[in-house]
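The residues making up each chain are set out below.
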Amino acid sequence: MRRRRHRPWYDFRVRAFYRLMRGRWTAKMPKLFKSISLVCGFVSGAALAVNTAMEVGHASAPAWWDRIYAFLLGAPALVMFTLKFTRDYDADGIPMRGNKKSKI
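Now for a quick tour of the structure.

Here is what the cut-offs are and how they apply
- Residues numbered from 1 in each chain as written.
- Predicted model: local features only at pLDDT ≥ 70, side-chain atom pairs only at ≥ 80, totals over all residues.
- Heavy atoms only, no water.
- Helix = DSSP H or I, 4+ residues; strand = E, 2+ residues; numbered from the N terminus.
- Contact = heavy atoms within 4.5 Å.
- Expected span 1.5 Å × (residues − 1).
- Buried < 20%, exposed > 50% of the residue type's maximum accessible area, 1.4 Å probe, protein only.
- Patch = residues over 30% accessible without salt bridge, like charges linked within 9 Å, V, L, I, M, F, W, Y side chains within 5 Å.
- Areas by Shrake-Rupley, 256 points an atom, 1.4 Å probe, with all protein chains shown as cover.
- Salt bridge = Lys/Arg side-chain N within 4 Å of Asp/Glu carboxyl O.

The next thing to look at is the side chain of Asn51. Inspection of the secondary structure assignment puts Asn51 in helix H2 (residues 31–56). The residues touching Asn51, leaving out its near neighbours within four places in the chain, are Trp65 and Tyr69.

Have a look at this one:
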């Protein structure tokens, strides 16, 4: 009789974390979060476009731009990540998925 291989304890935690993140990714975002995410995407996209234009044009970036560029990309990306992994709950306290409409 063949024995099953024993899984390490952390394997179950990784799978549970993956399931949680997958559920959060498919959850519906509130409208306010969607609009904040759009603004953050615009700020990051504009900063990336300006920096790319300077790099392609072989222009030297000012010192202040080098200091704030990482924040212009990183902070909105962190906000968008946080907003995406926040769930929307219906009136019964159950997480909403997909395109379900709220009963509120």
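The end-to-end C-alpha distance of H2, which contains 26 residues, comes to 37 Å, matching closely the 38 Å that a straight helix rising 1.5 Å per residue would cover. Buried residues of H2: Ser37, Cys40, Ser44, Ala47, Asn51 and Met54, and no others. Buried residues in H2 make contact with helix H3 (63–84). In the segment just after H2, His58 is the residue with positive phi, at about 55 degrees.

So, on to the environment of Gly74. Looking at the secondary structure, you find Gly74 in helix H3. Residues Gly74 and Ser44, spaced 30 residues apart in sequence, show a C-alpha to C-alpha distance of 8.1 Å.

On to a nonpolar patch on the surface, then. Nonpolar side chains collect at one region of the surface, where Leu32, Ile36 and Val79 lie side by side and expose about 230 Å² of accessible area between them. Inspection of the secondary structure puts Val79 in helix H3.

In this section: unusual backbone geometry. One non-glycine residue, His58, lies in positive phi territory at about 55 degrees. Secondary-structure assignment places His58 in the loop between H2 and H3. Looking at His58, the relative accessible area reads 74%, which means it is exposed.

Functional significance is not addressed by these values, which are geometric in nature.
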